Amino acid sequence: MLTVKDNISQIIDGKRVITKKPELLAPAGNLEKLKIAVHYGADAVFIGGKEFGLRSNADNFSQEEMAEGVQFANKYGARIYVTTNIFAHNENMDGLEEYLMGLQDAGVAGIIVADPMIIETCRKVAPKLEVHLSTQQSLSNWKAVQFWKEEGLERVVLARETSAEEIKEMKEKVDIEIETFIHGAMCIAYSGRCVLSNHMTARDSNRGGCCQSCRWDYDLYKLADNGEEALFGADDAAFAMSPKDLNLIQSIPKMIELGIDSLKIEGRMKSIHYVATVVSVYRKVIDAYCADPENFVIQKEWLDELDKCANRDTAPAFFEGVPGTEEQMFGVHGKKTTFDFVGLVLDYNEETGMVTLQQRNYFKPGDEVEFFGPELANFTQTIDALWDEDGNELDAARHPLQIVKFKADQKVFPNNMMRKGK
């Protein structure tokens, strides 16, 4: 009998090689982030339109921007999926058919859906679109996976609370693509099924309006005979309910061996620096393991790289077992970013060694900075002198999106990024 290992690998020239490489799926809140995600190694990108998605505060894409994004992705063999994962109320249904047909016309590969009504509508009016079940359905057992397979779906996105053992059983019993999260924010509720935001602010989490009330600071009380009794002292940190962010870099080998089809990064509202950093690290991990799984070792530089864009503490969450209190952030707000993103490379002159850069954060001559990108190994240098695009010398790059020039110690490429330590 064939095993999962037989189906994902072959012996080539006496060495085991992974031949079923999982898709690396990246987030993009706007067209710039989409292009950065593809440039830094994503196989696919998930985006949101102006309607029917769960990130109403993201920039999101117009139909024209979607078409441009698809055209760009196609040049690099990447696919675009669109989130249509709200739980629709009656007033949310207007315009759905036209919207789905527009996605199909734009060349979108598939949609990510939670509501059966949207699934059925898509099957009827836009049959060329793949339908992927959203994590909002909290899918966590193989019988439910089988149900959605029989409903004709091409892929299911699992609940973030699903363990490796549960995924193994799903892959053994149901022939369907499985997508699971590997990095990004976690919800304190079960796969996003939260009503705190609705209750406190009348903003519906399941229609894109979450105010992240679980991350607010709270004072704790208990009811007593004489009223409320405080459960905190003057020196205690305020209580919050947020889990640590997800980080499964150490588990990527196991996920590949399980035959998981798509590894998903969360964060459509994160910066291009976050997208570039996280995508590039996981690209290296996936490629290195697939090329030589028997001799694979997680490199410390990969772990350090992820920390350069991490806003909060991270943990492996549910994949390796049920998390405990150490995986939560009760009363703690971890702000661990050690670097600021300060510039995006626009051009490089090989004759003069001058780099043209778009400023994204304040920096000045004398600062030590680090360049990174898919075409080069990270390197650091000190900025000696700085000029604006008219040749005037500057004491600092202090204006947002200012175009500046200076000499780079090594060759850099468009869309490489520059950051500096805090």
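The structure under discussion appears in the preceding block.
The text that follows walks through the structure, step by step, so that each part is easy to find. (Residues numbered from 1 in each chain as written. Predicted model: local features only at pLDDT ≥ 70, side-chain atom pairs only at ≥ 80, totals over all residues. Heavy atoms only, no water.)

1. Topic: the sheet that holds strand S17 (residues 368-373)
Basically, it comes down to this: For two strands to be treated as a pair, DSSP must find no fewer than two bridges joining them. Helix and strand labels come from DSSP, where a helix needs a run of H or I of at least four residues and a strand needs a run of E of at least two; each type is numbered from the N terminus.
The strand order across the open sheet formed by seven strands is S18-S17-S21-S15-S16-S20-S19, and the pairing between neighbours is antiparallel. The two strands at the open ends of the sheet, each matched to only one other strand, are strand S18 (376-382) and strand S19 (387-388). The pairing of S17 with S18 spans five bridges and is antiparallel. If you follow Val369 over to S18, its bridge partner there is Gln381.

2. What about the environment of Ile383?
Quick note on the threshold: We call two residues contacting when some pair of their heavy atoms lies within 4.5 Å.
Counting through the fold element by element, Ile383 comes out in the loop between S18 and S19. Considering only alpha carbons, one finds Ile383 and Cys211, 172 residues apart in sequence, at a separation of 41 Å. Excluding anything up to four places from it in sequence, Ile383 contacts Phe363, Lys364, Pro365, Gly366, Asp367, Val369, Phe406 and Met418.

3. What to know about the packing of aromatic side chains
Note the cut-off: Stacked, edge-to-face and tilted are the three classes for Phe, Tyr and Trp ring pairs, Trp counted by its six-membered ring, which pair at centre distances within 6.5 Å; planes under 30 degrees apart are stacked, over 60 edge-to-face, the rest tilted. Note on classification: 1.4 Å probe, protein chains only; a residue is buried when its accessible area is under 20% of the maximum for its type, exposed when over 50%, partly exposed between these limits. We call a charge positioned above a ring when the Lys NZ or Arg CZ atom is no farther than 6 Å from the ring centre and deviates by at most 35 degrees from the ring normal.
This structure, assessed with the given rule, holds nine aromatic pairs. Centre to centre, the rings of Phe147 and Trp148 are 5.0 Å apart; their planes meet at 85°, and the pair counts as edge-to-face. With relative accessibility at 42%, the residue Phe147 sits in the partly exposed group. Look at Trp148 and you get buried, because its relative accessible area is 11%. Among the aromatic residues, those joined into a ring-pair cluster are Phe363, Phe371, Phe379 and Phe406. Stacked on the ring of Phe181, the Lys or Arg Arg160 has its end atom at 3.8 Å from the ring centre. In this arrangement the basic side chain of Lys264 is found over the ring face of Phe46, its NZ or CZ atom lying 4.5 Å from the centre.

4. What about the pairing of strand S4 (residues 44-48)?
Where we set the bar: With the strands pointing away from the viewer, any crossover whose connection runs clockwise from the first strand over the helix to the second is right-handed.
Among the five residues in S4, five count as buried, and that is most of the element. By the alternation rule, side chains of S4 split into Ala44, Phe46 and Gly48 and Val45 and Ile47, which are all buried. Crossover strand S3 (residues 23-27) to S4 through helix H2 (residues 31-39) is right-handed. Pairing between S4 and strand S5 (residues 79-84): five bridges, direction parallel. Counterpart to Val45 in the pairing with S5 is Ile80.

5. What to know about unusual backbone geometry
One non-glycine residue, Leu401, adopts positive backbone phi at about 65°. If you trace the backbone, Leu401 turns up in the loop between S19 and strand S20 (403-407). For Asn415, which is not glycine, the phi torsion reads 75° and is therefore positive. Topologically, Asn415 is positioned in the loop between S20 and strand S21 (417-421). Accessibility expressed as a relative area gives 28% for Asn415, which makes it partly exposed.

6. Re the pattern of salt bridges
The cut-off we apply is this: A carboxyl oxygen of Asp or Glu within 4 Å of a side-chain nitrogen of Lys or Arg is what we treat as a salt bridge.
Applying the stated criterion across every chain yields a total of 30 salt bridges. When the shortest N-O distance is used, the salt bridge between Arg123 and Glu154 registers 3.6 Å. Placement of the pair is Arg123 in helix H5 (residues 116-125) and Glu154 in the loop between helix H6 (142-150) and strand S8 (155-157), with a sequence separation of 31 residues. Overall, the relative accessible area of 30% leaves Glu154 in the partly exposed class. A salt bridge links Lys173 to Glu169; the nearest nitrogen and oxygen atoms lie 2.8 Å apart. Of this pair, Lys173 and Glu169 both sit in helix H7 (residues 164-173), four residues apart, which is roughly one turn of the helix.

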